[in-house]
Every structure is written in structure tokens, then in C-alpha cells.
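# Structural features, examined
These are the residues of each chain, in order.
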Amino acid sequence: MTGDKAWGMAQARQGSLLLDPVESSLLYLQLEADLKQKMMSGVYPVGERIPTELELCDEYGVSRITVRRAIQDLVEDGMLKKLRGRGTFVALPKHVLGMGRATQRGWSAFEGEGNPTHKEILEKTVISANEALAARLEIERGAQAYLIRRIIHEEEFPMAIDELYVAADLFPGLLDLMVGSASFYDLAEHHYGMEFGLEDLTLAVSVARNDESRLLKCPPAAPLFILRKVMRRSDGRPMHYSKTVLRGDRVSYHFQVDRDGKVRNDGREFTLS
């Protein structure tokens, strides 16, 4: 058998892993990374059983010790859960969200849980406000507005698509400042000197379109949350309008409702309508 043919057969047997003999001591880390990617991309959905140890050994061409080490690491990270007599199941931890705290606006709430996030900017542009956007931002139809569209990643995995709209006259130079993982709320407060007021939130559910599944690395028609928000300044003028599409398997929302229909969260309240 030629060297090239042997290498090709090894690749086929090892599935999506390309195992480097020089790094053979780290095979479990390569396997762990590949399994994690399959969980995040929906190949192994939340709640589903992953292949058995023997099946993984056969798929990747590695020893049972390697498979066990990779699975145990993922169990300890909370991404997998073993059920006696049933197998090993995907158990990706969800973020439980409510209304934002004054000190944790936007994606800083995830940072507070010890989960590093970064933003990938897809688009920054000047647009003319159509009738719907003008109404939300309380500006004239046709007035200039900024659109900033980003993917929000937790570590290396996409979890949300965020579209931010602001009136251009309120935030001169914003497009130049929104680079990398810059926080809009930090800029609004510390660079533009704005004080936060009322948050108007609308939460809906949907399923992923093809373009959304591609960006979020989830299956088409996977469940999504659609969060629309108008943040107002302390003087009542809208600061921004945003639409955020979040993977439903990564986030859940939690509110407490009292007997009068008031929703309470961290000492704040609003009324269901």
C-alpha cells in the first residue's frame, strides 16, 4: 500500500479529525474540540444522545481511552450528561436572561457569568429611515440613521445576530468607534454622556431561515428567539432600536409575575400587555 493511499484511508476512518502523529498525545483534545463543534452546530442537538464510545472509536480511529478522556472533559464542562443505562446526552448550558441590570447591559451579562464573548461586525452603514424605523426612533422619515449588524460569539461559537439602529444626529462618529468588540452601551454612557431610561422589550419566537442557520451554525428551522428593543434615554427620547436573533438552544428567559400582573426582575417591574 502506498503512503498516499494509507494516509487517505486514515483520513476517511478518522471522520472530520485530521490526526497528526506528532501530536498523538493530544488526540483527546482534538476529539473534544470536534465533538464540541458538532454540538454547537446542531449535528448533535441538545437533548440527543451522542454515539457510544465504541462508535466514536470506530468513527475517529482512536482508542477507547482517548474517547473516554474527551467525553469526561465535556461532562465536567457541562456540555454532556451521562445517564446510567441510557447513554451520554448533549446538555449545553443555557443562559437564563431577564431584564438587564443597570450594571450589566447588553452582552456584558454573559461576561458576568464567566463566558467570554466577542462581536464580529458584518455591516456598518448609513441608511435612510423608513417609516417603521422612523417611528421607533422618533425621527423624520428619510432621516439618516446608522445600522450596525454583528454576530455575537460565546468563545468561538455564534449564538446571536444583533442589528442595532440609532439616529445619526445623536451619535456622530459612531461607525468609526464601533470596532471589534466595542460595547455600544459603554460608548453611549461614557463617550456620549447619555443616561439610560426605559427599556421597551418585545420577545417573539421563530425558526431559523437558511441565512440565519448559516450565520448561527444551527440547522434550518431550528428554534430562535427574536428580541426587539427600544432603549430610551432618561429624557424619554429613543437611544436605539435593536433586533436580536438568538439561538433557542442557548438562551431562556425568566421573569417573575406577581398577582397584579407586574413582572419583577432584580427589583424592577413592568406590566404585561
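As a starting point, this report considers the structure included with it. Residue numbering note: each chain is counted from 1, following its sequence as written. For this predicted model, a pLDDT threshold of at least 70 governs which residues receive local features, and a threshold of 80 or more governs which side-chain atom pairs are given and counted, while totals over whole chains, interfaces and linings are taken from all residues. Neither water nor hydrogens contribute to the side-chain values; these are computed over all heavy atoms in the structure.

### Here we look at the overall build of the protein
Rule in force here: Counting from the N terminus, the helices are the DSSP runs of H or I reaching at least four residues and the strands are the DSSP runs of E reaching at least two. Throughout, a residue-residue contact means that at least one pair of heavy atoms, one from each residue, lies within 4.5 Å.
Helix and strand content of the protein: nine helices and 13 strands. Looking at the protein alone, contacts between residues at least 24 apart form 56% of all its contacts between residues at least 6 apart.

### A closer look at the packing of aromatic side chains
What counts here: Centres within 6.5 Å are what make two rings of Phe, Tyr or Trp a pair, Trp counting through its six-membered ring; a difference in plane orientation under 30 degrees is then read as stacked, over 60 as edge-to-face, and the rest as tilted. For the exposure calls, accessible area comes from a 1.4 Å probe over protein chains only, and a residue counts as buried if that area is under 20% of its type's maximum, exposed if over 50%, partly exposed in between.
One pass over the full model with this rule turns up five aromatic pairs. Between F171 and Y192, the aromatic rings sit 5.0 Å apart at their centres with planes inclined by 80°, giving edge-to-face as the arrangement. Here the residue F171 occupies a position in the loop between β6 (157-167) and α7 (174-177), and Y192 occupies one in the loop between α8 (184-191) and β7 (196-207), the gap between them amounting to 21 residues. Both residues of the pair, F171 and Y192, count as buried.

### A short note on the side chain of H240
Using the following cut-off: In protein, a polar contact means a hydrogen-donor-capable atom and an acceptor-capable atom, both N or O and within 3.5 Å, with residues adjacent in sequence counting only if both atoms are side-chain atoms; elsewhere, any N or O pair within 3.5 Å suffices.
In this fold, H240 is placed in strand β9 (residues 238-247). Within the structure, H240 has its side chain in polar contact with the side chain of Y185 (distance 2.8 Å). Not counting the four nearest positions on each side in its chain, H240 is found in contact with L137, L164, Y165, V166, F184, Y185, K229, V230 and M231.

### Thoughts on the sheet that holds strand β8 (residues 223-233)
We apply this condition: Each pair of strands is called paired provided DSSP finds at least two bridges between the two strands. A fitted line through C-alpha atoms represents every axis, and for helices the fit uses only the stretch in contact; the resulting angles, taken between N-to-C directions, go from 0 to 180 degrees.
Read from one edge of the open sheet, six strands run β4-β5-β6-β9-β8-β7, paired in antiparallel fashion. Two strands in the sheet have a free side with no partner beyond their single neighbour: β4 (117-128) and β7. Pairwise comparison of adjacent strand axes, ignoring direction, gives a mean angle of 15° for this sheet. Inspection of the sheet shows strand β5 (residues 144-154) paired to β6 by ten bridges, in the antiparallel sense. Looking at the pairing, Y146 lines up with V166 of β6. With respect to the sheet, α8 is in contact with β6, β7, β8 and β9, its orientation differing from that of β9 by roughly 165°.

### Side note on the packing of helix α3 (residues 53-60) against helix α4 (residues 64-76)
Defined as follows: With respect to orientation, any angle under 35 degrees is reported as roughly parallel, any angle over 145 as roughly antiparallel, any angle of 65 to 115 as roughly perpendicular, and every other angle as oblique. Left-handed describes a crossing whose near helix is turned anticlockwise from the far helix by less than a right angle; the clockwise case is right-handed. Here the nonpolar group is Ala, Val, Leu, Ile, Met, Phe, Trp, Tyr, Cys and Pro; Asp, Glu, Lys and Arg are the charged ones; every other residue, Gly included, is treated as polar.
The contact between α3 and α4 brings their axes to 9 Å, and the two run at 115°. Relative to α4, the element α3 lies roughly perpendicular. Handedness of the α3/α4 crossing: right-handed. Across the interface between the two elements, E53, L54, L56 and C57 from α3 touch R64, V67, R68 and I71 from α4. Across the contact of α3 with α4, the residue classes break down as five nonpolar, no polar and three charged.

### Here's the deal with α8
Going by this rule: Picture the helix axis, draw a direction to every C-beta atom, and the arc is the one those directions span.
Buried within α8 are the following residues: F184, Y185, L187 and A188. Buried residues of α8 fall within an arc of 165° about the axis and therefore sit on the same side. Where α8 is buried, its residues contact β6, α7, β7, β8 and β9. Phi for G193, located one or two positions after α8, is positive at around 65°.

### Side note on unusual backbone geometry
At E138, a residue that is not glycine, the phi angle is positive and equals roughly 55°. In this fold, E138 is placed in the loop between α6 (131-137) and β5. A positive phi angle is found at A221, which is not glycine, with a value near 70°. Along the chain, A221 falls in the loop between α9 (210-216) and β8.

### Digging into helix α2 (residues 27-41)
Short version of the rule: An expected span of 1.5 Å times one less than the residue number is assigned to each helix.
With 15 residues, α2 should cover 21 Å at 1.5 Å per step; its first-to-last C-alpha distance of 21 Å lies within 8% of that length. Buried within α2 are the following residues: L27, Y28, L31, E32, D34, L35, K36, K38, M39 and M40. Buried residues in α2 make contact with α3, α4, β1 (80-83), β2 (87-90), β6 and β9. At the exit of α2 stands G42, carrying a positive phi of roughly 90°.

### Digging into the side chain of D73
Stated precisely, the cut-off is as follows: As used throughout, the charge tally considers Lys and Arg to be positive and Asp and Glu to be negative, leaving His and the chain termini uncounted. Salt bridge criterion: a side-chain nitrogen from Lys or Arg within 4 Å of a carboxyl oxygen from Asp or Glu.
Within the secondary structure, D73 sits in helix α4. Put simply, D73 is tucked away with no salt bridge, and the nearest opposite charge, on R69, sits 4.1 Å away. Here D73 is in contact with Y28 and E32, once residues within four sequence places are set aside.

### What about the pattern of salt bridges?
All chains considered together, the criterion is met by 13 salt bridges. One salt bridge in this structure joins D34 and K38, with 3.8 Å as the shortest N-O distance. One end of the pair, D34, and the other, K38, are both in helix α2, four residues apart, so they sit about a helical turn from each other. For D34, a relative accessible area of 13% gives the class buried. Among the residues examined, K38 registers a relative accessible area of 15% and is labelled buried. For E53, the salt bridge identified is with R64, shortest N-O distance 2.8 Å. Of this pair, E53 sits in helix α3 while R64 sits in helix α4, placing them eleven residues apart in sequence. For R64, a relative accessible area of 39% puts it in the partly exposed group. What emerges from the salt-bridge pattern is a single network uniting D34, K38 and E59.

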